[in-house]
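Summary of structural features
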Amino acid sequence: MSLKKTLTIAGSDASGGAGLEADLKAFEEHNTYGMAAVTVIATMDPDNNWAHGVHTLPIDVLKAQLKTAFSTGIDALKTGMLSTEEVIQTTGEAIKASGVQNVVIDPVMVCKGEDEVLNPGTVDAMITYLLPNALVTTPNLFEAGQLAGTGTPKTIDELKVAAEKIIALGAKNVVIKGGRALQTDKAVDLFYDGSDFYLLETEKVDTLYNHGAGCTFAASITANLANGLSVKDAIFEAKEFVAAGIKHGWKLNEFVGPVYHGAKPRLGAPEVTIEKI
Ligand code: PXL
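Just so we're clear, the structure is a prediction, and the values are computed from it rather than from any experiment.

As for the environment of asparagine 173
As for its position among the elements, asparagine 173 is in the loop between α6 (156–168) and β7 (174–179). Separated by 18 residues in the primary sequence, asparagine 173 and threonine 155 have C-alpha atoms spaced 20 Å apart. Every residue in contact with asparagine 173, bar those within four places of it in the chain, is listed here: Leu135, Val136, Thr137, Ile167, Phe191, Tyr192, Asp193 and Val231.

As structure tokens, then:
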């Protein structure tokens, strides 16, 4: 038996829907061997409206985990919640030193439902230490606007401008998750590889149960790259995978509904289209 090795450098979501828990579920569903280096532990308080706590691990503990994981020979990795500039710098430098090429940067800045940026200095640190390592980066609308310095894009034309700026910062490919926030009939994402723009589209699903969608999408791209898919094919399959997960999202408790990470292989995926624009 031999499996491709995938690594997530991300936070733990104690409720299991997002963060490294989502990543490991997606890695497994894509038949890769998942590993995790934990950056922070996120907690949610049921006695305080599910308010998030972010508990950053000591930097030496992160460094020791990165040493462990990289020593095994990683085929592809992703990053998730990196809570401080020190965590971002350590992670970026370790990725660079590892020589791993299949790098997916999910520039997590806020958790759904929480509108404060984790820490304002982290945007500059992401630009300096993370984006130059990115084979693919997967910002949502807000994150794309922060990285590009444009403010949150609201139209396809504004998405294109933000995507060009993000490529200019050193990422080789960018997919901006428009999702339901864009004023479009479909759930639309924009993919830019530095020369061509593509729109990925699928049906909009009217659900509140989509916790962990972003992590699951980026982790699926990562696993697909480990398994040898092209960037474009990796993104296309990841969109199918997460669309299925959102369609079959479910209520965990009164506060949160995660995507069903295992939906696509068991229940099939909605149709996804990709079109050069
Ligand atoms: O969905 C963003 C996210 C990423 N990582 C962790 C999280 C969350 C949101 O809850 O908890 C650990």
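Considerations on the packing of helix α1 (residues 19–29) against helix α7 (residues 213–226)
Contact geometry for α1 and α7: axes closest at 8 Å, N-to-C directions at 40°. Here α1 is positioned oblique relative to α7, judged by the angle of their axes. Remark: the crossing between α1 and α7 carries right-handed chirality. On α7, the residues touching Gly19, Ala22, Asp23, Ala26 and Phe27 of α1 are Cys215, Thr216, Ala219, Ser220, Thr222 and Ala223. Of the residues in the contact of α1 with α7, the class split is six nonpolar, four polar and one charged.

What to know about the packing of aromatic side chains
Under the defined criterion, the tally for this structure stands at three aromatic pairs. Arranged with centres 5.2 Å apart and planes meeting at 15°, the rings of tryptophan 50 and phenylalanine 255 form a pair that is stacked. Of this pair, tryptophan 50 sits in the loop between β2 (33–45) and β3 (51–56) while phenylalanine 255 sits in the loop between α8 (231–247) and α9 (263–267), and the two are 205 residues apart along the sequence. For tryptophan 50, a relative accessible area of 14% corresponds to the buried category.

A closer look at the pattern of salt bridges
Under the defined criterion, the tally for this structure stands at eight salt bridges. Here aspartate 196 ties to lysine 276 by a salt bridge, and the two come within 3.7 Å at their closest N and O atoms. Here aspartate 196 is found in the loop between β8 (187–192) and β9 (197–202), whereas its partner lysine 276 is found in strand β10 (residues 273–276), with 80 residues between them in sequence. A relative accessible area of 25% places aspartate 196 in the partly exposed class.

Reading the values: the criteria
- Residues numbered from 1 in each chain as written.
- Predicted model: local features only at pLDDT ≥ 70, side-chain atom pairs only at ≥ 80, totals over all residues.
- Heavy atoms only, no water.
- Helix = DSSP H or I, 4+ residues; strand = E, 2+ residues; numbered from the N terminus.
- Contact = heavy atoms within 4.5 Å.
- Axes fitted to C-alpha atoms, helices over the stretch in contact; angles between N-to-C directions.
- Parallel < 35°, antiparallel > 145°, perpendicular 65-115°, else oblique.
- Left-handed = near helix turned anticlockwise from the far one by under 90°.
- Nonpolar A, V, L, I, M, F, W, Y, C, P; charged D, E, K, R; others polar.
- Phe/Tyr/Trp six-rings, centres within 6.5 Å; stacked < 30°, edge-to-face > 60°.
- Buried < 20%, exposed > 50% of the residue type's maximum accessible area, 1.4 Å probe, protein only.
- Salt bridge = Lys/Arg side-chain N within 4 Å of Asp/Glu carboxyl O.

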